[in-house]
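Inside the fold
What follows is each chain in one-letter form.
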Amino acid sequence: QVQLVESGGGLVQAGNSLRLSCALSGRAFNSYTMGWFRQAPGKEREFVAAITSDGSANYADSVKGRFTISRDSAKSTVYLQMNSLKPEDTADYYCAARHVAWSRWEYWGQGTQVTVSS
């Protein structure tokens, strides 16, 4: 089975940066589209960013221009570089994997908490 392990969350001041990492194990990394989702307190889970095995990326409008998703095939790891962080970015962030042949996000990480203070 695929396992996803996130790291890199923490407490930062507004305007600063943070980088999240998510390592995949158990299956071939290049068979999966990788994504990041987040859930703020009292709110629904929302899509943040995704990247395909060939490097094509897309972002939610709320983070476009501030966040960058990337992947390192040698390390089977996807990253989310978060710049110009705002208090509104405070949430639990989850890494997810979707096989190239599937329409659903099949695998999820345990989550990592990001808190942005004013």
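Our structure's up above, just so we're on the same page.
Throughout what follows, the structure given in this document is the object of discussion. None of these values were measured; they are calculated from a predicted model.

The next point concerns unusual backbone geometry. What you tend to see is this: most non-glycine residues have negative phi, and most peptide bonds are trans. Look at Ser76: it is not a glycine, yet its phi comes out positive at around 50 degrees. A positive phi angle, near 50 degrees, is found at Ser84, a position not held by glycine. Assignment of secondary structure puts Ser84 in the loop between strand 8 (77–82) and strand 9 (91–99).

Attention now moves to the sheet that holds strand 3 (residues 18–25). Pairing is antiparallel in the open sheet, where 4 strands are placed in the order 1-3-8-7. Each edge of the open sheet carries a strand with a single partner, namely strand 1 (3–7) and strand 7 (67–72). Recorded for the sheet is a direction-independent mean angle of 15 degrees between the axes of neighbouring strands. Here strand 7 runs beside strand 8; their pairing, made up of 6 bridges, is antiparallel. By the bridge assignment for strand 8, Asp72 is matched with Thr77.

If you walk through the whole model with that rule in mind, you get 1 disulfide. Paired by a disulfide, Cys22 and Cys95 hold their sulfur atoms 2.1 Å apart. Taking the sign of the S-S torsion, about -80 degrees here, the bridge from Cys22 to Cys95 comes out left-handed. Of this pair, Cys22 sits in strand 3 while Cys95 sits in strand 9, and the two are 73 residues apart along the sequence. Note on Cys95: relative accessible area 0%, which makes it buried.

This part takes up the nonpolar core. Among the nonpolar cores identified, the biggest contains 31 residues, and Leu4, Met34, Trp36, Leu80, Met82 and Tyr93 are the most heavily contacted of them. Only strand 3, strand 4 (32–39), strand 5 (46–51), strand 7, strand 8, strand 9 and strand 11 (112–117) provide two or more residues apiece to this core. When sequence neighbours within four positions are dropped, the list of residues in contact with Met82 reads Asn16, Ser17, Leu18, Leu20, Arg66, Phe67, Tyr93 and Val114.

Our next topic: the side chain of Thr112. With respect to the helices and strands, Thr112 occurs in strand 11. Classification of Thr112 by relative accessible area gives buried; the value is 11%. At 3.1 Å, the side chain of Thr112 forms a polar contact with the backbone nitrogen of Gly9. For Thr112, the residues in contact, after removing those within four places along its chain, are Glu6, Ser7, Gly8, Gly9, Leu20, Ala91, Asp92 and Tyr93.

What counts and what doesn't
- Residues numbered from 1 in each chain as written.
- Predicted model: local features only at pLDDT ≥ 70, side-chain atom pairs only at ≥ 80, totals over all residues.
- Heavy atoms only, no water.
- Helix = DSSP H or I, 4+ residues; strand = E, 2+ residues; numbered from the N terminus.
- Pairing = 2+ DSSP bridges.
- Axes fitted to C-alpha atoms, helices over the stretch in contact; angles between N-to-C directions.
- Disulfide = S-S within 2.5 Å.
- Buried < 20%, exposed > 50% of the residue type's maximum accessible area, 1.4 Å probe, protein only.
- Core = buried A, V, L, I, M, F, W, Y, C linked by side-chain atoms within 4.5 Å.
- Contact = heavy atoms within 4.5 Å.
- Polar contact = N/O pair within 3.5 Å; in protein donor to acceptor, adjacent residues only side chain to side chain.

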